[in-house]
Amino acid sequence: MAESIIIRVQSPDGVKRITATKRETAAAFLKKVAKEFGFQNNGFSVYINRNKTGEITASSTKSLSLLKIQHGDLLFLFPSSLAGPSSEMETSAPPGLKACGAPNVPFDEDYLNHLEPPVKHMSFHAYIRKLTGGADKGKFVALENISCKIKSGCEGHLPWPNGICTKCQPSAITLNRQKYRHVDNIMFENHTVADRFLDFWRKTGNQHFGYLYGRYTEHKDIPLGIRAEVAAIYEPPQIGTQNSLELLEDPKAEVVDEIAAKLGLRKVGWIFTDLVSEDTRKGTVRYSRNKDTYFLSSEECITAGDFQNKHPNICRLSPDGHFGSKFVTAVATGGPDNQVHFEGYQVSNQCMALVRDECLLPCKDAPELGYAKESSSEQYVPDVFYKDIDKFGNEITQLARPLPVEYLIIDITTTFPKDPVYTFSISQNPFPIENRDVLGETQDFHSLATYLSQNTSSVFLDTISDFHLLLFLVTNEVMPLQDSISLLLEAVRTRNEELAQTWKKSEQWATIEQLCSKCPCPPITRAQGTGHYSRALGVECLPHAETPNSNEWPLLFHPQAQSEYSFRVSTSTAPSGAPRTPPRLPCGPVSTAPS
């Protein structure tokens, strides 16, 4: 009997071992390879070398011995883009990969680069597939979270700063551009969600902040991709100016999360504006965030990293049970066509670790630069490096003091659907958004009475399906319905009018109607000289202000409380004295930058 040999065959899906004999023909060997990998005979090519040289053809006369293939050799399999997959593979292929004939290569860079548009970041689940696709099926894979702190429990020396050893000392960090991303697309369900958020800036000229509530779904345009779908924006208490934002402590934060969960939603990210009016007659805004300036400032990267650390991604391959985050950052800013664009980002896992362990600071005079802290008697900070190209074209390693924040950023395409989706009803006279008292838009029973009088739909579910209205019903101080609104939330979540009508007959809603009947609806008037409508409550719409001095750069980021931040939106590209009157723009086009 001929002596058996084992040939290793490496594919984009991993390495498999094929048992053969030295006298076996190349054709017979390739049939075994096809069977092992699930390809048709013409669905792949096998090469002796990684650079696709020395192809092994299906010859019935040449043996493996004649081709000088020996026991333990490593061959390289490349799927053919021209051949269709076998029927066995068709059933297990992700939808975005069936057409290419290589359903198990969502992490192959050549494949991703040939998609339209090209994909420069593989999805996180594709990255997991890559790690677990070898012969051991990821048995020994462990996704370790980076730690910048000294390991505790080392008893061989005095504690820092009097002693440290290689066992407890954290490793130096070399920043790399992350090849994968946890979320591949941000999609607002409809233009109204974003348009109402932008309306605050249009009326005041001040920057604004909000939390994105929605759900994570499959993103079919990218292999094994994940999409963050935004159904509503919650606006917490804040102080906004033309170039800064300060988040205040929000006593209703936990309740909002609970209500969102009962509606089938969760907090998926945060959004802020960085808008400067350029020409009020044309309705254009300044294009300030680009490759020549920055996409996210160092302060914004630190804030994003802190948010991501508070919303970790559950992962079974991590010893800690979590790895990275799916929490996204969205920026409403001017695009290259001087219209409002929405840009999406995340920061890398390395950035999350630097922020979590308080090793990263912003630069006061340059928003595009961060700064890795130096060790002190209170804290040991590992060295942080990044690689750059010098003027001679050589790759050099630089100490990250300072560091370009582009090493920390992952961009995410942000879109609106061709066919809008509506988790909540859209009204021409919507219920006021929370925490907008500065505009004279208050949430109270006067505004509820006005809303109900203007929305007289016979379908109660359409009237009540407003995210901000539901929050008011739960959080108002006169008659909070937190303990008796579950049935209504279930009706909104499932779009069940019968359940909504059942809740409408409850004592709680009867009491709400009684309170509304005691509140005469205030007339709707136009604030003189502003062109904006407000209620006659003694509050006028704020006048537009002027642009701050162009030398004012972002201040250092300082967490003020567990849910409190203060940072400046970098609008320093505006010349001194430039007009800052914001136009009443429609929701502008969405960024079409390649993913």
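Residues numbered from 1 in each chain as written. Predicted model: local features only at pLDDT ≥ 70, side-chain atom pairs only at ≥ 80, totals over all residues. Heavy atoms only, no water.

An unreviewed UniProt entry lists the protein chain under the name Nuclear protein localization protein 4 homolog, with Canis lupus dingo as the source organism. In its Pathway (unreviewed entry) section, UniProt records this for the protein chain: "Protein degradation; proteasomal ubiquitin-dependent pathway." As its UniProt record puts it under Sequence similarities (unreviewed entry), the protein chain is described as follows: "Belongs to the NPL4 family." (UniProt positions renumbered as here; feature names shortened; annotations may be inferred.)

Engineer: Explain unusual backbone geometry residue by residue, including any values.
Structural biologist: The linkage connecting tryptophan 160 with the following residue, proline 161, adopts the cis geometry, with an omega of 15°. Relative to the elements of secondary structure, proline 161 occurs in the loop between α4 (124-131) and β6 (173-175). Put simply, arginine 401 and proline 402 share a cis peptide bond, and its omega is 5°. Mapped onto the elements, proline 402 comes out in the loop between β23 (395-399) and β24 (403-404). (Helix = DSSP H or I, 4+ residues; strand = E, 2+ residues; numbered from the N terminus.)

Engineer: Got a sec to walk through the pattern of salt bridges? Specific residues and values, please.
Structural biologist: Inspection of the entire model under this criterion finds 20 salt bridges. Here aspartate 184 ties to arginine 181 by a salt bridge, and the two come within 3.2 Å at their closest N and O atoms. Each of the two residues, aspartate 184 as well as arginine 181, counts as buried. A salt bridge links aspartate 357 to arginine 356, with the shortest nitrogen-to-oxygen separation between them at 3.2 Å. (Salt bridge = Lys/Arg side-chain N within 4 Å of Asp/Glu carboxyl O. Buried < 20%, exposed > 50% of the residue type's maximum accessible area, 1.4 Å probe, protein only.)

Engineer: Go over the pairing of strand β19 (residues 340-347) with me, naming the residues and quoting the values.
Structural biologist: Counting buried residues along β19, eight of its eight residues qualify, which places the element largely inside the surrounding structure. In β19, alternate side chains face the same way, and those of Val340, Phe342, Gly344 and Gln346 on one face and His341, Glu343, Tyr345 and Val347 on the other are all buried. Where strand β18 (residues 328-334) meets β19, six bridges bridge the pair, whose relative direction is antiparallel. The residue bridging alanine 330 from the neighbouring strand is glycine 344, located in β19. Hairpin connection from β18 to β19: five residues lie between these consecutive antiparallel strands, with asparagine 338 at a positive phi of about 60°. Relative to strand β25 (residues 409-415), β19 runs antiparallel, the two sharing four bridges. Bridging from a neighbouring strand, valine 347 pairs with isoleucine 409 of β25. (Pairing = 2+ DSSP bridges.)

Engineer: Run through the confidence of the model for the protein chain, naming residues and quoting values.
Structural biologist: The pLDDT averaged across the protein chain works out to 81; a share of 80% of its residues lies at or above 70. Taken element by element, the predicted model of the protein chain shows its lowest mean pLDDT in helix α2 (residues 87-90) (34) and its highest in strand β13 (residues 266-274) (97). A low-confidence stretch, residues 82-104 (pLDDT under 50), is modelled with 39 contacts involving residues beyond four sequence positions or located in other chains. (pLDDT = per-residue confidence, 0-100. Contact = heavy atoms within 4.5 Å.)

Engineer: Which residues make up the nonpolar core, and what are the values?
Structural biologist: Burial of nonpolar side chains together is a common tendency in soluble globular proteins. Among the nonpolar cores identified, the biggest contains 74 residues, and Ile464 and Leu473 are the most heavily contacted of them. Looking at this core element by element, the count peaks at seven residues for helix α11 (residues 467-475). Setting aside anything within four residues of it in sequence, one finds isoleucine 464 in contact with Leu469, Leu470, Leu473, Leu488, Val492 and Trp509. (Core = buried A, V, L, I, M, F, W, Y, C linked by side-chain atoms within 4.5 Å.)

Engineer: Can you break down the side chain of histidine 468 residue by residue, with the values?
Structural biologist: Within the fold, histidine 468 resides in helix α11. A polar atom in the side chain of histidine 468 sits 2.8 Å from the side chain of glutamate 434. Setting aside its immediate chain neighbours within four residues, histidine 468 contacts Arg196, Ile233, Phe431, Pro432, Ile433, Glu434 and Gln443. (Polar contact = N/O pair within 3.5 Å; in protein donor to acceptor, adjacent residues only side chain to side chain.)

Engineer: Before we move on, can you summarise the sheet that holds strand β3 (residues 44-47) with the specific residues and values?
Structural biologist: Reading across from one edge, β2-β1-β4-β3 is the order of the four strands in this open sheet, with mixed pairing throughout. Two strands bound the open sheet, and with one partner strand each, they are β2 (14-21) and β3. Neighbour-to-neighbour, the strand axes of the sheet open up by a mean angle of 30°, direction not taken into account. Note: β3 against strand β4 (residues 74-79), four bridges, orientation antiparallel. Looking at the pairing, tyrosine 47 lines up with phenylalanine 76 of β4. Packing against the sheet, helix α1 (residues 26-37) makes contact with β1 (4-11), β2, β3 and β4, and its axis sits at approximately 145° to β2. (Axes fitted to C-alpha atoms, helices over the stretch in contact; angles between N-to-C directions.)

Engineer: Before we move on, could you go through the packing of aromatic side chains and cite the residues and values that matter?
Structural biologist: Here the structure, examined in full by the defined rule, presents 24 aromatic pairs. On the basis of an interplanar angle of 20° and a centroid distance of 4.3 Å, the ring pair of tyrosine 127 and tyrosine 180 is categorised as stacked. Taken together, the positions of tyrosine 127 in helix α4 and tyrosine 180 in strand β7 (residues 180-181) put the pair 53 residues apart, joining distant regions of the chain. Residue classification places tyrosine 127 among the partly exposed residues on the basis of a relative accessible area of 21%. For tyrosine 180, a relative accessible area of 8% gives the class buried. Seen from their ring centres, phenylalanine 209 and tryptophan 270 are 5.6 Å apart, and the 40° between their planes marks the pair as tilted. Of this pair, phenylalanine 209 sits in strand β9 (residues 209-219) while tryptophan 270 sits in strand β13; the two residues are 61 residues apart in sequence, bridging distant segments of the chain. (Phe/Tyr/Trp six-rings, centres within 6.5 Å; stacked < 30°, edge-to-face > 60°.)

Engineer: Got a sec to walk through the pairing of strand β10 (residues 225-234)? Specific residues and values, please.
Structural biologist: Of all ten residues making up β10, ten are buried, and the element is well covered by its neighbours. Looking at chain direction, strand β8 (residues 185-188) and β10 are connected through four bridges and run parallel. Its bridge partner lying in β10, phenylalanine 188 is registered against valine 230. Relative to β10, β9 runs antiparallel, the two being bridged by nine bridges. Counted as the bridge partner of tyrosine 213 is alanine 232 from β10. Connecting β9 to the antiparallel partner β10 that follows it, the hairpin turn spans five residues, and leucine 224 within it adopts a positive phi of roughly 60°.

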